[in-house]
Amino acid sequence: MILREIKENETEILKDFLYEAIFIPEGMELPPREIIERPELKLYYDGFGIGEADFCIVADDEGKVIGAVWTRIMNDYGHVDEETPSFAISLYQEYRGQGIGTKLMKEMLYLLKEKGYKRASLAVQKANYAVKMYENVGFKAVDENDEEYIMVCEL
């Protein structure tokens, strides 16, 4: 498996990973795939590549993209200000729990620092197992509501 930047002709795959990223608590049903067409989710992929903080690194397993981490400055759930890119990350189910997400996160944090960004943000549901991984790579909760944390990583 290698980590590499996404190719221009691969950005459609971000829709798949956005759907995969939807956290479904135990016992809840998966939402219909059309949910990613909602405006509050579409902003994660629509026109990806045109923004100055639009970066994406994928995990490539022998030619198959199995995971992705991407950033944008967008008014999403994890938005903190106009200078801080927000993270999205996802792996196909069968590749989770193997450290690939951590590698993707660290690689993206390094890239953002190299590009001159001072910090990155994300939103995550409190019940999501990924909270621990985010903390392990340097994110800290800076705000919260009943369901989720807003987390920031100082670069």
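Just above, that's the structure.
Presented here is a report on the structure given in the accompanying data block.

The next subject is the overall build of the protein. On a plain count of helices and strands, the protein comes out with four helices and seven strands. Reading the protein from its N end, one meets helices and strands in the order β-α-α-β-β-β-α-β-α-β-β. Taking 15 Å as the expected radius of gyration for a compact globule of 155 residues, we find that the protein reaches 14 Å, a close match to that expectation. Once the C-alpha set of the protein is aligned to its principal axes, its extents read approximately 40 × 35 × 30 Å. Looking at the protein as a whole, 46% of its 155 residues qualify as buried. A separation of at least 24 residues holds for 58% of the contacts in the protein among residues at least 6 apart in sequence.

Time to look at helix α1 (residues 13–21). Taken as a whole, α1 has its buried residues at Ile-13, Leu-14, Phe-17, Leu-18 and Tyr-19. Of the surrounding secondary structure, the elements contacted by the buried residues of α1 are α2 (39–42), β2 (55–61), β3 (64–72) and β4 (86–91).

Moving on, we get to the packing of aromatic side chains. Inspection of the entire model under this criterion finds four aromatic pairs. Between the aromatic rings of Phe-87 and Phe-139, the centroid separation amounts to 5.4 Å while the plane-to-plane angle is 85 degrees, which identifies the pairing as edge-to-face. Highlighted residues: Phe-87 in strand β4 and Phe-139 in the loop between α4 (130–136) and β6 (140–144), separated in sequence by 52 residues. A relative accessible area of 5% means that Phe-87 is categorised as buried. Here the aromatic residues Phe-87, Tyr-134 and Phe-139 are joined through ring pairs into a cluster of three or more.

Here the focus is the nonpolar core. Core analysis: the largest hydrophobic core is formed by 49 residues, its most contacted members being Trp-70, Phe-87, Met-105, Tyr-134 and Phe-139. The set of elements that each furnish at least two residues to this core consists of α1, β2, β3, β4, α3 (100–114), β5 (119–125), α4 and β7 (148–154). Sorting elements by how many residues they give to this core places α3 first, with seven residues. Those residues in contact with Met-105 that sit more than four places away from it in its chain are Val-69, Phe-87, Ile-89, Leu-122, Met-133, Tyr-134, Val-137 and Phe-139.

Another point: the pattern of salt bridges. Oppositely charged side chains can form a pair if their charged atoms are brought close together. Across all of its chains, the model carries nine salt bridges by this definition. Between Asp-54 and Arg-72 there is a salt bridge whose closest N-O contact spans 3.0 Å. Of the two residues, Asp-54 is situated in the loop between α2 and β2 and Arg-72 in strand β3; the sequence distance between them amounts to 18 residues. Residue Asp-54 shares its accessibility class with Arg-72, and that shared class is buried. Ionic contacts of the salt-bridge type, sharing partners, join the residues Arg-4, Glu-10 and Asp-60 into one network.

Cut-offs used in this document
Residues numbered from 1 in each chain as written. Predicted model: local features only at pLDDT ≥ 70, side-chain atom pairs only at ≥ 80, totals over all residues. Heavy atoms only, no water. Helix = DSSP H or I, 4+ residues; strand = E, 2+ residues; numbered from the N terminus. Rg over C-alpha atoms; globule rule 2.2 N^0.38 Å. Buried < 20%, exposed > 50% of the residue type's maximum accessible area, 1.4 Å probe, protein only. Contact = heavy atoms within 4.5 Å. Phe/Tyr/Trp six-rings, centres within 6.5 Å; stacked < 30°, edge-to-face > 60°. Core = buried A, V, L, I, M, F, W, Y, C linked by side-chain atoms within 4.5 Å. Salt bridge = Lys/Arg side-chain N within 4 Å of Asp/Glu carboxyl O.

Geometric descriptors of this kind do not, in isolation, establish any biological role.
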